[in-house]
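The residues making up each chain are set out below.
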Amino acid sequence: MGDTPGFPGLRRELQHIVADRGHDRIAEFCIVLRDSGDHDPIAYAIWPRQHLLYRWQATRDTAISDATLLHHTPLDLRRDIVRSPSDQLSTYKVTLSWVRDVEAQCRAHGEHVSIRRQGR
């Protein structure tokens, strides 16, 4: 992921996340890039053990060296999922079918990344 245009700091960002939230010595993530239509690609990092999903928007702006973290708070895959779009009363909620689609893309095309927890 570090060599993917628009996401040069993604591995470092995952290391910060693991340092802040991780409990295990090694955290396993699945990362998948998704086209966002007319916009720059989006990277999703699923942390299955913690039931979290992070999202980054890529940038083509050469003045910005790192991907921009869009969700400072990750999606909690136990709490932030609704069954259908009609249940989506909040902008941070996602549908179960959307999550399953991201997970399927991750299994099929994603990069599996292990991040070792530093310190502590």
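Rules of the game
Residues numbered from 1 in each chain as written. Predicted model: local features only at pLDDT ≥ 70, side-chain atom pairs only at ≥ 80, totals over all residues. Heavy atoms only, no water. Phe/Tyr/Trp six-rings, centres within 6.5 Å; stacked < 30°, edge-to-face > 60°. Helix = DSSP H or I, 4+ residues; strand = E, 2+ residues; numbered from the N terminus. Buried < 20%, exposed > 50% of the residue type's maximum accessible area, 1.4 Å probe, protein only. Lys, Arg positive; Asp, Glu negative; His and termini not counted. Salt bridge = Lys/Arg side-chain N within 4 Å of Asp/Glu carboxyl O. Polar contact = N/O pair within 3.5 Å; in protein donor to acceptor, adjacent residues only side chain to side chain. Disulfide = S-S within 2.5 Å.

Asks: Could you give an account of the packing of aromatic side chains, naming the residues involved and the relevant values?
Replies: Evaluation of the coordinates by the stated rule reveals three aromatic pairs. Relative to Trp47, the ring of Phe29 lies with its centre 4.9 Å away and its plane at 40°, an arrangement referred to as tilted. With a gap of 18 residues between them, Phe29 in strand E1 (residues 26–34) and Trp47 in strand E2 (residues 42–47) connect regions that are remote in the sequence. With relative accessibility at 2%, the residue Phe29 sits in the buried group. Relative to Trp98, the ring of Tyr44 lies with its centre 5.3 Å away and its plane at 75°, an arrangement referred to as edge-to-face. Taken together, the residues Tyr44 in strand E2 and Trp98 in helix H2 (residues 96–109) connect sequence positions 54 residues apart. Judged by its relative accessible area of 6%, Tyr44 is buried.

Asks: Talk me through unusual backbone geometry; I want residue IDs and the actual numbers.
Replies: Located in the positive-phi region is His51, a residue other than glycine, with phi close to 60°. With respect to the helices and strands, His51 occurs in the loop between E2 and strand E3 (52–57).

Asks: Quick rundown of the side chain of Lys93? Include the residues and the values.
Replies: Relative to the helices and strands, Lys93 is located in the loop between strand E6 (81–82) and strand E7 (94–95). Buried and without a salt bridge, Lys93 has Asp80 as its closest oppositely charged side chain, separated by 4.2 Å. Only 3.1 Å separates the side chain of Lys93 from the backbone oxygen of Arg79, close enough to count as a polar contact.

Asks: Summarise the state of the cysteines; cite the residues concerned and give the values.
Replies: Summed over all chains, the structure comprises one disulfide. Disulfide pairing places Cys30 opposite Cys106 at an S-S distance of 1.9 Å. Measuring the twist about the S-S bond at about -125°, one finds the Cys30-Cys106 disulfide to be left-handed. Separated by 76 residues along the polypeptide, Cys30 in strand E1 and Cys106 in helix H2 bring together distant segments of the chain. The residues Cys30 and Cys106 share a single accessibility class, namely buried.

Shape descriptors only; they carry no functional weight alone.
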